[in-house]
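Listed here are the chains, written in short residue letters.
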Amino acid sequence: MTYEEKAKELRREIETVLHRAGGSFSGGSLSIADVMTVIFQGGFLRLNPGDPWKPDRDMLVLSKGHCSSALYCSLAMAGMFPKEELLNYGADGSDMLIHPKIRSYPGVETSSGSLGHGLALGTGSALAARIRGYDSRVFVVIGDGECNEGSVWENAAFAAKQKLNHLIVVVDRNRLQGCGRDSEILNYGDMAEKWRAFGYRVFDIDGHDCGAIEAALKETVTWNDERPTAIIAQTVKGKGVSFMEDRLEWHYKSPDEAQYAQAMEELR
Ligand SMILES: Cc1ncc(C[n+]2csc(CCOP(=O)(O)OP(=O)(O)O)c2C)c(N)n1
């Protein structure tokens, strides 16, 4: 199966999980579907379903925790836990929380939902791994709206100072936040320039072009650079479902029966 087919499958899983739970955040979950597919299915995140917490593991921190459906579905598709567990998403009494809880499921590395904390966790984990002599890769997926949190930039500076070249930050540059367009709230303009100025090796790519994502990741994991990596994934919120694409309301809205049916039709 190609990345594109896998990404469609991931989008179908995401929409199914959200529809079943009456959940929000289709927009930001669909925008990272291609990046998540290549990271998980391309072998860049080396997972061990049999020993998910081994100390020298690779980690992916989904800092934009509201988009947990993309994380749970990616983990299930990668075999970290049975797909049937996805039925528990957002259900009363279940541990598959909409804002994830640390170690609730194999591969859920941290609690997230309060934005601005994942990069600190990733940075600390990458530093700890280096001190212990591990070869671990640490991926942190953040939102562009999340970059309004000052803690993002504090940790960006720290990781560059520490030359944490096994840290890979993916910025989901979908240009929409929860309540408006990025440019109307805090305008970061050229996001790639910002990360470059902080001392990162930057790949500014189309976040829906799986070939471009794979090429950037391949170059990243050669580690022939002392800098941490920032991948600025230029994306469209709601990508893949025509009536959700670049529409603010799909940050919070939940698809009704007809919308779910149309989404599944488009994602066939
Ligand atoms: C500290 C904090 N403040 C506010 C929120 C409420 N909130 C949830 S999602 C969101 C918008 C985030 O925008 P972005 O990072 O661009 O996410 P995406 O558009 O990719 O879903 C906000 C403000 C939060 N979760 N955490």
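Here's a quick rundown of the structure.

Rules used in this analysis
Residues numbered from 1 in each chain as written. Predicted model: local features only at pLDDT ≥ 70, side-chain atom pairs only at ≥ 80, totals over all residues. Pairing = 2+ DSSP bridges. Helix = DSSP H or I, 4+ residues; strand = E, 2+ residues; numbered from the N terminus. Axes fitted to C-alpha atoms, helices over the stretch in contact; angles between N-to-C directions. Contact = placed C-beta atoms within 7 Å. Expected span 1.5 Å × (residues − 1). Buried ≥ 20, exposed ≤ 12 C-beta atoms within 10 Å, placed from the backbone. Arc of directions from axis to C-beta. Near = placed C-beta within 6 Å. Nonpolar A, V, L, I, M, F, W, Y, C, P; charged D, E, K, R; others polar. Right-handed = clockwise from strand over helix to strand, strands pointing away.

### Quick notes on the sheet that holds strand β3 (residues 167-173)
With parallel pairing, the five strands of this open sheet are ordered in space as β1-β2-β3-β5-β4. The outermost strands of the open sheet, each flanked by one partner alone, are β1 (59-62) and β4 (201-206). Neighbour to neighbour, the strand axes of the sheet diverge by 20° on average, direction disregarded. Those strands touched by helix α5 (residues 118-131) are β1, β2 (138-143) and β3, and its axis lies near 170° from that of β2.

### Focus: helix α1 (residues 3-21)
Each turn of an α-helix holds 3.6 residues, which means side chains three or four residues apart point in the same direction. Relative to the 27 Å expected for 19 residues at 1.5 Å per residue, α1 spans 27 Å between its end C-alpha atoms, a close match to the ideal helical length. Turning to α1, the residues buried within the fold contact α2 (26-31), α3 (33-41), α4 (68-77), α9 (210-220) and α10 (257-266). Downstream of α1 by one or two residues, Gly22 has phi in the positive range, about 65°.

### A short note on the environment of Ala261
When you line up the elements, Ala261 lands in helix α10. Judged by the 12 C-beta atoms lying within 10 Å of it, Ala261 falls in the exposed class. Through-space distance from the C-alpha of Ala261 to that of Pro106 is 31 Å; in sequence the pair is 155 residues apart.

### Section: helix α6 (residues 150-161)
For α6, with twelve residues, the first-to-last C-alpha span of 17 Å sits near the 16 Å given by 1.5 Å per residue. Among the residues making up α6, those that are buried are Val152, Asn155, Ala156, Ala159 and Ala160. Along the long axis of α6, the arc covered by the buried residues comes to 135°, so they all point the same way. Opposite the packed face of α6, turned more than 90 degrees from it, sit the exposed residues Gly150 and Lys161. Those residues of α6 hidden inside the fold are in contact with α5, β2, β3 and α8 (191-197). Phi turns positive one or two residues past the end of α6, at Lys163, with a value near 55°.

### Considerations on the site of the ligand
Surrounding the ligand, one finds 20 residues, the nearest of these being Gly28, Gly143, Gly145, Glu146 and Gly178. Sorting elements by how many residues they give to the shell around the ligand places α2 first, with three residues. Within the shell around the ligand, the residues separate by chemical class into three nonpolar, twelve polar and five charged.

### Digging into the pairing of β4
Regular strands place side chains that alternate from one sheet face to the opposite one. For β4, a buried count of five out of six residues is recorded, marking the element as mostly surrounded by other parts of the structure. In the sheet, β4 pairs with strand β5 (residues 229-234) via six bridges, with the strands oriented parallel. Within β5, the position partnered with Asp204 by the bridge is Ile232. In this fold, the crossover linking β4 to β5 by way of α9 has right-handed handedness.

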